[in-house]
Amino acid sequence: DPGADASLCGMAATGASGTNAVRYGTMRPNVLNLRVVLPDGRLLHTAGPGRQPRKRAAGYDLTSLFVGSEGTLGFLTQATLRLHPLPEATAVTIASFPSVGAAVACTVQVLQAAVPVARIEFLDEVMADACSRFSGMGLPVAATLLLELHGSRRSLAEQQQQTEEIVRQNGGSGLAWAEGQEEWERLWSMRHNAWYAALALRPGCQGYSTDVCVPISRLPDVVVETKQDLQASNITGPMVGHVGDGNFHCILIFNSQDPEEAQRIHAFTQRLGRRALAAGGTCTGEHGVGLGKRALLQEELGPEGLDTLRSIKAALDPHNLMNPGKVL
């Protein structure tokens, strides 16, 4: 589920994912082979020409090296992907919670109970209200979870019952399972329009999306602390995330012509990245490092890790032709 305008090789280049990652994984484990044009013009097939085994142990894992390389090592021109069967049955529900902490705690408990969810998406009350108004859904102004279950028709009934119990234990309400494909597609369409819904909160302003990913056990604390930081910093930053794999985003809406506000946004993004690192997580779950998180990458990997990356970059691109200045 890559998003409306994503390309496969673009998704691979940034190591991206999407709402289904909690069950089916990010791009990295779903790419079996890549065709890459190297900086010197040679054509590389990272797993060998025409090869597509589900697993391999031959040599270094070149495919994983290029997934997430952000255009610094070569042009990705073709991707061979792992396919997953469509589920026999799908169930989608939406639930409201008294706080962001309760919503995220529910997510953790659902995962700990081994409910085989396909998607768990989190919206804080600001994002839920924005999405509801933008898409005309009439949702409560409250922290919200969207959950999707995949399986056989027989197994779904048990999964739904188990999910309902955990939602209620965490103070969730308004739990109703979508009837039919048209209704659950409408719910996910609302979620996919989150960027535009956030921009509509402050017409004429600019949006800046940032994300982090932390271990599931630390997710409730980090989300609550981030929410408090947004409020204390007086920043319009609705939160949304693929919390099923510990990943969440802040869509920061600000006036780019206001230097003071732009500085507050920058300072917040650095605090958010360091908060994730302190929790044992990563400064970015699915958007790459680019320019904005180079300092955080150094803190995450340490000097030895960064030196190793630079050595790989120098070996493959000695003239620094590919995306110079990015990532490293």
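Residues numbered from 1 in each chain as written. Predicted model: local features only at pLDDT ≥ 70, side-chain atom pairs only at ≥ 80, totals over all residues. Heavy atoms only, no water.

Q: I'd like a rundown of the packing of aromatic side chains, residues and numbers included.
A: Two numbers describe a pair of aromatic rings. These are the distance of the centres and the angle of the planes. Inspection of the entire model under this criterion finds zero aromatic pairs. Lying across the ring of W188, R119 places its NZ or CZ 4.2 Å from the centre. (Phe/Tyr/Trp six-rings, centres within 6.5 Å; stacked < 30°, edge-to-face > 60°. Lys NZ or Arg CZ within 6 Å of the ring centre and 35° of its normal.)

Q: A description of the domain arrangement of the chain should follow, citing residues and the corresponding values.
A: Domain boundaries in the chain define domain 1 (8-81), domain 2 (85-196) and domain 3 (202-317). Placing the centre of domain 2 and that of domain 3 at their C-alpha centroids yields a distance of 25 Å. Taken residue by residue, the interface counts 19 residues in domain 2 and 19 residues in domain 3. Carbon and sulfur atoms supply 74% of the area that domain 2 and domain 3 bury against each other, a total of about 1,600 Å² over both sides. A salt bridge links K227 to D124; the nearest nitrogen and oxygen atoms lie 2.8 Å apart. (Domains from an automatic or database assignment. Contact = heavy atoms within 4.5 Å. Buried area = accessible area lost by both parts, 1.4 Å probe. Salt bridge = Lys/Arg side-chain N within 4 Å of Asp/Glu carboxyl O.)

Q: Before we move on, could you go through the sheet that holds strand β9 (residues 239-241) and cite the residues and values that matter?
A: Spatial strand order, β7-β4-β6-β5-β9-β10-β8: seven strands in an open sheet with antiparallel pairing. Edge strands, defined here as strands with exactly one partner in the open sheet, are β7 (173-177) and β8 (206-213). Mean inter-strand twist for the sheet, computed between neighbouring axes without regard to direction, equals 15°. With eight bridges joining them, β8 and strand β10 (residues 247-254) adopt antiparallel strand pairing. Counterpart to C213 in the pairing with β10 is N247. On the sheet, helix α6 (residues 125-135) packs against β5 (117-123), β6 (143-151), β9 and β10 and is oriented at approximately 95° with respect to β5. (Pairing = 2+ DSSP bridges. Helix = DSSP H or I, 4+ residues; strand = E, 2+ residues; numbered from the N terminus. Axes fitted to C-alpha atoms, helices over the stretch in contact; angles between N-to-C directions.)

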